[in-house]
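# Topology and contacts: notes
Here's the letter readout for the chains.
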Amino acid sequence: AKEQAKKNNDKILVCEALKRILPLLLDRTRKVKLVSDEFYDYSNNIYDQYEKISSDYLYLRYNHVNECVNIIYELNILNSTVNSDTFSFLKARIQHYIGMEYTLFYKDYKNSDIYYKKAFENYTRENIFLNNSYAFGIIINLGSNQLRRKKYDEAIKYFKKGFKY
């Protein structure tokens, strides 16, 4: 799809294809040349602010994996530039990733919960399937953090809340 879109000079389709390709590459490979080629294509086809923010977010994830940058600092800078009213899903994705970083790499469940709750607020601004599925994941993450703290009753409350999504 990406190659056909490039032939047709369709920037929207190129960006949409790359938004699906890049996360797969980031999650499953360290083929730096392949990923950097895709980022190059993405940066040359950005057509609006949403795509710019999306590209910046994916690039930070890429740098984190390959260059061990301080991702929380960088994501907070990006997070501060994103308007919740206009780009609530992107802001939620950024906050969700910050929460995961605090959980998985720092074992800082207090800060993790703060960002998970912010992400949850942004995911639930719009009642659509994709947002609801991410909101469900956030609730499970919050419950899991309670389990890690051995606060079992709180964990159960979160897990029951998850059934709504």
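## Things to note about the overall build of the chain
The secondary structure content of the chain amounts to 9 helices and 0 strands. Its C-alpha radius of gyration of 17 Å places the chain within 12% of the 15 Å reference for a compact globule of 165 residues. Oriented by its inertia axes, the alpha-carbon framework of the chain measures out at about 55 × 35 × 25 Å. Every one of the 165 residues in the chain was classed for burial, and the buried ones make up 44%. Across the chain, every contact between residues at least 6 apart in sequence was considered, and the portion connecting residues at least 24 apart equals 52%. For the chain, the exposed area adds up to about 9500 Å²; of that, 54% sits on carbon and sulfur atoms. Across the chain, 27 positive and 20 negative side-chain charges occur, with their mean positions spaced 6 Å apart.

## Observations concerning the pattern of salt bridges
Tallying each qualifying case throughout the model produces 7 salt bridges. Lysine 6 serves as the salt-bridge partner of aspartate 41, at 3.1 Å between the closest nitrogen and oxygen. With aspartate 41 in helix H3 (residues 32-45) and lysine 6 in helix H1 (residues 2-7), this residue pair connects regions lying 35 residues apart in the sequence. With a shortest N-O distance of 3.5 Å, glutamate 154 and lysine 157 are connected by a salt bridge. A residue pair is termed a helical-turn pair when its members lie 3 or 4 positions apart in one helix, as glutamate 154 and lysine 157 do in helix H9 (residues 152-162) at 3 residues. A relative accessible area of 33% means that glutamate 154 is categorised as partly exposed. Through salt bridges that share partners, Glu16, Lys19 and Glu51 make up one connected network.

## Quick look at helix H7 (residues 109-123)
Its 15 residues place the ends of H7 20 Å apart at the C-alpha level, agreeing with the 21 Å of an ideal helix rising 1.5 Å per residue. Those residues of H7 that fall on the buried side of the exposure criterion are Tyr109, Ser112, Asp113, Tyr115, Tyr116, Ala119, Phe120, Asn122 and Tyr123. In this structure, the buried residues of H7 make contact with helix H5 (71-81), helix H6 (88-106), helix H8 (129-148) and H9.

## As for the nonpolar core
Counting residues in each nonpolar core, the largest one holds 25 residues, and the members touching the most others are Leu22, Ile53, Tyr57, Leu75, Ile94 and Ile98. Secondary-structure elements contributing two or more residues to this core are helix H2 (11-28), H3, helix H4 (49-67), H5 and H6. Not counting residues within four places of it along the chain, the set of residues in contact with leucine 22 comprises Val35, Glu38, Phe39, Tyr42 and Leu58. Counting residues in hydrophobic clusters, the runner-up holds 11 residues, among them Phe89, Phe120, Ile138 and Ile139.

## Overview of unusual backbone geometry
The phi angle at asparagine 9 is positive, at roughly 55 degrees, despite the residue not being glycine. Within the secondary structure layout, asparagine 9 lies in the loop between H1 and H2. Of the residues examined, asparagine 9 reaches a relative accessible area of 62% and is grouped as exposed. In the Ramachandran plot, lysine 107 falls in the positive-phi region, its phi being about 55 degrees despite a non-glycine side chain.

## Some thoughts on the packing of H7 against H8
Packing of H7 against H8 brings their axes to within 9 Å, and their N-to-C directions diverge by 160 degrees. The angle between the axes of H7 and H8 places the two elements in the roughly antiparallel class. Crossing handedness for the pair H7 and H8: left-handed. Counted together, Tyr109, Ser112, Asp113, Tyr116, Lys117, Ala119, Phe120, Asn122 and Tyr123 of H7 and Asn131, Tyr134, Ala135, Ile138, Ile139, Asn141, Leu142, Asn145, Gln146 and Arg148 of H8 form the full contact between these two elements. The residue makeup of the contact of H7 with H8, split by class, is 10 nonpolar, 6 polar and 3 charged.

## Concerning H5
Along H5, the positions that sit buried rather than exposed are Ile71, Ile72, Leu75, Leu78 and Asn79. Take H5 and look down its axis: the buried residues cluster within an arc of 125 degrees, on one side only. Exposed residues on H5 whose side chains face more than 90 degrees from its buried face are Tyr73, Ser80 and Thr81.

Rules used throughout
Residues numbered from 1 in each chain as written. Predicted model: local features only at pLDDT ≥ 70, side-chain atom pairs only at ≥ 80, totals over all residues. Heavy atoms only, no water. Helix = DSSP H or I, 4+ residues; strand = E, 2+ residues; numbered from the N terminus. Rg over C-alpha atoms; globule rule 2.2 N^0.38 Å. Buried < 20%, exposed > 50% of the residue type's maximum accessible area, 1.4 Å probe, protein only. Contact = heavy atoms within 4.5 Å. Areas by Shrake-Rupley, 256 points an atom, 1.4 Å probe, with all protein chains shown as cover. Lys, Arg positive; Asp, Glu negative; His and termini not counted. Charge placed at Lys NZ, Arg CZ, Asp CG, Glu CD. Salt bridge = Lys/Arg side-chain N within 4 Å of Asp/Glu carboxyl O. Expected span 1.5 Å × (residues − 1). Core = buried A, V, L, I, M, F, W, Y, C linked by side-chain atoms within 4.5 Å. Axes fitted to C-alpha atoms, helices over the stretch in contact; angles between N-to-C directions. Parallel < 35°, antiparallel > 145°, perpendicular 65-115°, else oblique. Left-handed = near helix turned anticlockwise from the far one by under 90°. Nonpolar A, V, L, I, M, F, W, Y, C, P; charged D, E, K, R; others polar. Arc of directions from axis to C-beta.

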